[in-house]
Amino acid sequence: MQRRSRMLENCVGLIFALTFSAAHAAPDAAALYQAHCAACHGSDRFGAIGPALLPDNLGRLGKAGAQAVIRDGRAGTKMRAFKSALDDDSIKALAAYVTAPPATAPVWGRAQIEASRVLTPEPAATKPVYSADPLNLFVVVEGGDHHVSIVDGDSFAPLYRFASRFALHGGPKFTPDGRYVFFSSRDGWVTKFDLWTLKVTAEIRAGLNSRNIALSKDGRHVAVANYLPDTLVILSSVDLSVEKILDVADRNGKASRVSAVYQAPPRDSFVVALKDAPEIWEISTAAQGEPFTLRRIALTTPLDDFFFDPAYLHVLGAHQAGDKAIVVDLDSGEEVATLPLPGMPHLGSGISWTRDGHVVMATPHLKDGRISVIDTTDWKLIAEIPTPGPGYFLRSHDNTPYAWADSSLSPQHRDEISIIDKQSLTLVRTLKPAPGKATAHVEFDRSGKHALVSVMEKDGALIVYDAVTFQEIKRLPMSKPIGKYNVYNKITFSQGTSH
Ligand code: HEC
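Everything numeric here is computed off the predicted structure, so don't read it as measured data.

(A) Broad picture of the overall build of the protein. Helix and strand content of the protein: 8 helices and 33 strands. Expected size for 499 residues packed as a compact globule is a radius of gyration near 23 Å; at 24 Å, the protein falls within 12% of this value. Judged by the C-alpha coordinates and their principal axes, the protein covers about 80 × 55 × 50 Å. Residue burial in the protein is summarised as follows: out of 499 residues, 54% are buried. In the protein, the share of contacts with a sequence separation of at least 24, taken over all contacts with a separation of at least 6, comes to 45%. Accessible area for the protein stands at about 21,400 Å²; split by element, carbon and sulfur atoms hold 54% of it. One finds the centroid of the 53 positive side-chain charges in the protein at a distance of 5 Å from the centroid of its 54 negative side-chain charges.

See the structure below:
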């Protein structure tokens, strides 16, 4: 009874607040949020059936983007249009509210992480439930309607499709035997999926805003890089239980976001890029000795977005100014070279191959139509290959003489794929699979004979090319296929793809 009357009181208060604000003053965004949005996005804005509405999570959408979504909704989703229910001022106030930090700092510690874990154990399986080669599957992340498709890498027939968490990113990661794949979502969810039984077996929310995940060399641990809170969370890959939470701060105690975490197989460690601290962290994943011991490598400046040489002796890190990269010797911890790379290199998409007996690495740029090629023996820039425009990705395979690059960040050339000869470093062909539509992210099949290309629009497609003749073989409709990952190429750490 008492509870009911309190509820009634709250309701009356809310109605009063809403009426009052509409008639006399600036809208009370917090009250509007609780009345219209909290049911789906959580009263704490951490998300529920709708995504989290926190500034880091909404970064790319921005205030204007948020306003548009609130006004017009998102067709085909539970996010309806509020333009008939709320006036312009209220919509503006709500957009400002959800893109600003909450009044009290969000808490997401061990208790909250552990409470979020969901296990759905499956009966033991001795083989896959399909006849396709389980190591030549493609895992395709469809960002348009938040689904994942599993595609047979020999017949290119879709095998299965399931709803994912909102906004997967960072690239899924596979256990060394290729059986399990782990996904991370923008809002901090980690999902474990069994590629034999085609079932989600475990999920946990390791953070409120996450960047990516990495698996340890032995496949037993999953590390999660968080932006919110400032933590690196290490989970058991068996059941996603929490093994360790590292509060991330520099040696003086100043907290830092985590840009990314990488697996360094020859070192048996995780290497961690910090957003706000001039340090690289290396965390041991060796089975012997004290688990997860931390080594700090001091830098002169924060570096994020890493590329490793194939032996994992050096890391090339992007300077946050976007005009150079610094090479760090991971054993000595010394900065051994600085490379001028204007145009914002996207080192995380870098690939390597052998040319004239030297291992070279190549990187696209987010602001320039250029592929930079670097000799990893002396870290000298050996070529700048012009492309029609800036792009995100570069891909190849040991069995093909070509590397494929997109120009998807160029308004005029977003539909072009450039094919580059890895020895002569020249452009040999331009493809335009879907004129006018953003096209990017190439991935090869296990054999290297086929290249899969994404048309990254809501009514997009996955296009299979013969990687020798450049003829189109098949076109599968997909909802904004932002990435595709071949199990074999990922678990063998093929030099032609990123990790
Ligand atoms: C019935 C549930 C529901 C309600 C009520 C609701 N939303 Fe949403 N909202 C969603 C869902 C689901 C999505 C994700 C849509 C998609 O798939 O893109 C979403 C997306 C959004 C996004 C875009 C997030 C992103 O990262 O792209 C914003 C901003 C947003 N909602 C704000 C609001 C605000 C403000 C309110 C209250 C006025 C509100 N929503 C009410 C379910 C809801």
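(B) Just the nonpolar core, in detail. In terms of nonpolar packing, the biggest core is built from 20 residues, with Val190, Ile204, Val222, Val224, Leu235 and Leu240 touching the most fellow members. Those elements that place two or more of their residues in this core are strand 8 (199–205), strand 9 (209–215), strand 10 (221–228) and strand 11 (231–236). The element best represented in this core is strand 10, accounting for 3 residues. Looking at which domains feed residues into this core, each of domain 1 (2–98) and domain 2 (111–491) supplies at least three. Core analysis: the next-biggest nonpolar cluster, separate from the first, contains 17 residues, Val148, Ile150, Leu168 and Val181 among them.

(C) Up close: the domain arrangement of the protein. According to the domain assignment, the protein contains domain 1 (2–98) and domain 2 (111–491). Between domain 1 and domain 2, the contact holds 9 residues from the first and 10 residues from the second. Taken together, the two surfaces of domain 1 and domain 2 that pack against each other cover about 800 Å², and 47% of this comes from carbon and sulfur. Our count for the contact surface shared by domain 1 and domain 2 stands at 0 salt bridges.

(D) Quick look at the sheet that holds strand 14 (residues 269–274). Ordered in space as 13-14-15-16, the 4 strands form an open sheet in which the pairing is antiparallel. Each of the sheet's edge strands pairs with one partner strand only, and the pair in question is strand 13 (258–264) and strand 16 (294–298). Within the sheet, the average angular offset between the axes of one strand and its neighbour, ignoring direction, is 20°. One ladder, built from 5 bridges, connects strand 14 with strand 15 (residues 279–284); its direction is antiparallel. Bridge pairing in strand 15 links Val271 to Glu282.

(E) Inspection of the site of the ligand at higher detail. Near the ligand you find 21 residues, and of these Cys37, Cys40, His41, Met79 and Arg186 are the closest. Note that a nitrogen atom of the ligand is positioned 2.8 Å from one of the side-chain N or O atoms of His41. In this structure, Arg74 approaches the ligand through a side-chain N or O atom, which is 2.7 Å from an oxygen atom. Of all the elements in the fold, those that place two or more residues in the shell around the ligand are helix 3 (38–41) and helix 5 (62–72). Considering only residue class, the shell around the ligand consists of 13 nonpolar, 5 polar and 3 charged. Composition of the shell around the ligand by domain shows at least three residues from each of domain 1 (2–98) and domain 2 (111–491).

(F) Examining the pattern of salt bridges more closely. Tallied over the entire structure, the rule returns 27 salt bridges. Where Glu282 meets Arg267, a salt bridge forms, and the shortest distance between an N and an O atom there is 2.7 Å. Of this pair, Glu282 sits in strand 15 while Arg267 sits in the loop between strand 13 and strand 14, and the two are 15 residues apart along the sequence. Classification of Glu282 by relative accessible area gives buried; the value is 9%.

(G) Structural context of the packing of aromatic side chains. Throughout the structure, instances matching the rule amount to 15 aromatic pairs. On the basis of an interplanar angle of 70° and a centroid distance of 5.3 Å, the ring pair of Tyr262 and Phe308 is categorised as edge-to-face. Residue Tyr262 is located in strand 13, and its partner Phe308 is located in strand 17 (residues 303–308); the two are separated by 46 residues in the primary sequence. Residue class for Phe308 comes out buried when judged on its relative accessible area of 9%.

(H) Here's a closer look at a positive patch on the surface. Judged by side-chain charge, Arg60, Arg74, Arg211, Lys458 and Lys480 come together as a positively charged surface patch. Its place among the elements puts Arg211 in strand 9.

(I) The packing of helix 5 against helix 6 (residues 88–98), seen in detail. One way to put it is that helix 5 packs onto helix 6 with a least axis distance of 8 Å and a crossing angle of 130°. Looking at the two axes, helix 5 sits oblique to helix 6. Classified by chirality, the crossing of helix 6 by helix 5 is right-handed. Seen from helix 5, the contacting residues are Lys63, Ala66, Gln67, Ile70 and Arg71; seen from helix 6, they are Ile91, Lys92, Leu94, Ala95, Ala96 and Val98. Grouping the constituent residues of the contact of helix 5 with helix 6 by class yields 7 nonpolar, 1 polar and 3 charged.

(J) The side chain of Arg395, seen in detail. Positionally, Arg395 belongs in strand 25 (residues 394–395). For Arg395, the side chain forms a polar contact with the side chain of Thr497, separated by 3.2 Å.

(K) Spatial organisation of the side chain of His221. As for its position among the elements, His221 is in strand 10. Of note is the side chain of His221, whose polar atom sits 2.6 Å from the side chain of Glu243. In this structure His221 touches Ala214, Leu215, Ser216, Ile234, Leu235, Ser237, Glu243, Phe270 and Phe292, once residues within four positions along its chain are discounted.

(L) Summary view of unusual backbone geometry. In this model, Leu228 is joined to Pro229 through a cis peptide bond whose omega is -10°. Checked against the element boundaries, Pro229 lands in the loop between strand 10 and strand 11. Despite not being glycine, Phe156 has its phi angle at roughly 60°, a positive value. Among the secondary structure elements, Phe156 is positioned in the loop between strand 3 (147–152) and strand 4 (158–163). Assessed through its relative accessible area of 4%, Phe156 is described here as buried. One non-glycine residue with positive phi stands out, namely Ala167, at about 55°. Relative to the helices and strands, Ala167 resides in the loop between strand 4 and strand 5 (168–174). Among the residues examined, Ala167 registers a relative accessible area of 18% and is labelled buried.

Quick notes on the rules
- Residues numbered from 1 in each chain as written.
- Predicted model: local features only at pLDDT ≥ 70, side-chain atom pairs only at ≥ 80, totals over all residues.
- Heavy atoms only, no water.
- Helix = DSSP H or I, 4+ residues; strand = E, 2+ residues; numbered from the N terminus.
- Rg over C-alpha atoms; globule rule 2.2 N^0.38 Å.
- Buried < 20%, exposed > 50% of the residue type's maximum accessible area, 1.4 Å probe, protein only.
- Contact = heavy atoms within 4.5 Å.
- Areas by Shrake-Rupley, 256 points an atom, 1.4 Å probe, with all protein chains shown as cover.
- Lys, Arg positive; Asp, Glu negative; His and termini not counted.
- Charge placed at Lys NZ, Arg CZ, Asp CG, Glu CD.
- Core = buried A, V, L, I, M, F, W, Y, C linked by side-chain atoms within 4.5 Å.
- Domains from an automatic or database assignment.
- Buried area = accessible area lost by both parts, 1.4 Å probe.
- Salt bridge = Lys/Arg side-chain N within 4 Å of Asp/Glu carboxyl O.
- Pairing = 2+ DSSP bridges.
- Axes fitted to C-alpha atoms, helices over the stretch in contact; angles between N-to-C directions.
- Near = heavy atom within 4 Å.
- Polar contact = N/O pair within 3.5 Å; in protein donor to acceptor, adjacent residues only side chain to side chain.
- Nonpolar A, V, L, I, M, F, W, Y, C, P; charged D, E, K, R; others polar.
- Phe/Tyr/Trp six-rings, centres within 6.5 Å; stacked < 30°, edge-to-face > 60°.
- Patch = residues over 30% accessible without salt bridge, like charges linked within 9 Å, V, L, I, M, F, W, Y side chains within 5 Å.
- Parallel < 35°, antiparallel > 145°, perpendicular 65-115°, else oblique.
- Left-handed = near helix turned anticlockwise from the far one by under 90°.

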